[in-house]
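Architecture at a glance
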Amino acid sequence: LTGLPAIIIGQESERAICNGKAIPLEGSVSGDLCRAYDQCGNLLAILRFDAEKRLWQPEKVFAVLDTTGTM
């Protein structure tokens, strides 16, 4: 996984990813896969770029939100 670009995302995107939703990413991420981390440095997911939709789709999610919407 260390060969993939890494991004740090905010809480809103974190909730979306943990619920399997695609997100837009600002800035440039090279390639079609990247690692997504939360603000604390925890690995959340591997994301795949959907060129047609111009969004990053969770490919594999490692984090789980509890019923209050937090990790």
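It should be noted that the structure appears before, not after, this text.
Residues numbered from 1 in each chain as written. Predicted model: local features only at pLDDT ≥ 70, side-chain atom pairs only at ≥ 80, totals over all residues. Heavy atoms only, no water.

**Regarding the sheet that holds strand β1 (residues 6–8)**
The test is simple: Two strands qualify as a pair provided that DSSP identifies no fewer than 2 bridges between them. Counting from the N terminus, the helices are DSSP H or I runs at least four residues long and the strands are E runs at least two residues long. For helices, the axis comes from a line fit to the C-alpha atoms of the stretch in contact; other axes are also lines fit to C-alpha atoms, and the angle between any two N-to-C directions lies between 0 and 180 degrees.
Reading across the sheet, the four strands line up as β1-β2-β3-β4 and stay open at both edges, with mixed pairing between neighbours. Where the open sheet ends on each side, the last strands, each with one partner, are β1 and β4 (55–61). The average undirected angle you get between the axes of adjacent strands in this sheet is 40 degrees. Where strand β3 (residues 43–50) and β4 come together, six bridges link them in antiparallel fashion. Opposite Phe49, over in β4, you have Trp56 as the bridge partner.

**Notes on unusual backbone geometry**
Operational definition: In this scheme, a residue with accessible area under 20% of its type's maximum is buried, one over 50% is exposed, and one in between is partly exposed, where area comes from a 1.4 Å probe on protein chains only.
At Arg54, a residue that is not glycine, the phi angle is positive and equals roughly 60 degrees. Summarising the element assignment, Arg54 is placed in the loop between β3 and β4. Overall, Arg54 belongs to the exposed group, its relative accessible area being 59%.

**Quick notes on the environment of Val64**
With respect to the helices, strands and loops of the structure, Val64 is situated in the segment after β4. On the basis of relative accessible area, Val64 is assigned to the exposed category, the value being 64%.

**A closer look at the pairing of β3**
Summarising the sheet, strand β2 (residues 33–37) and β3 pair through five bridges and their orientation is antiparallel. Directly across from Ala36, in β3, lies its bridge partner Ala45. Between the antiparallel neighbours β2 and β3 lie five residues, among them Gly41 with a positive phi of about 90 degrees. The loop that links β3 with its antiparallel partner β4 comprises four residues; one of these, Arg54, has a positive phi angle of about 60 degrees.

**Quick word on the packing of aromatic side chains**
Condition: Aromatic contacts are taken between Phe, Tyr and Trp rings whose centres are within 6.5 Å, Trp giving its six-membered ring; a plane angle under 30 degrees counts as stacked, one over 60 as edge-to-face, and the others as tilted.
One pass over the structure, following the stated rule, counts one aromatic pair. Geometrically, the ring pair formed by Phe49 and Trp56 is tilted, given 5.1 Å between the ring centres and 50 degrees between the ring planes.

**Points about the pattern of salt bridges**
For clarity, the threshold we go by: By salt bridge we mean one thing: a side-chain nitrogen of Lys or Arg within 4 Å of a carboxyl oxygen of Asp or Glu.
Enumeration over the complete set of coordinates arrives at two salt bridges. Across the pair Asp32 and Arg48 runs a salt bridge whose closest N-O atoms are separated by 3.6 Å. With Asp32 in the loop between α1 (11–18) and β2 and Arg48 in strand β3, this pair connects stretches of sequence that are 16 residues apart. Between Glu59 and Arg48 there is a salt bridge, and its shortest N-O distance comes to 3.0 Å. Remark: Arg48 occurs in strand β3 and Glu59 occurs in strand β4; sequence separation between them is 11 residues. What makes Arg48 partly exposed here is its relative accessible area of 33%. Among the ionic contacts, a cluster of salt bridges with common partners joins Asp32, Arg48 and Glu59.

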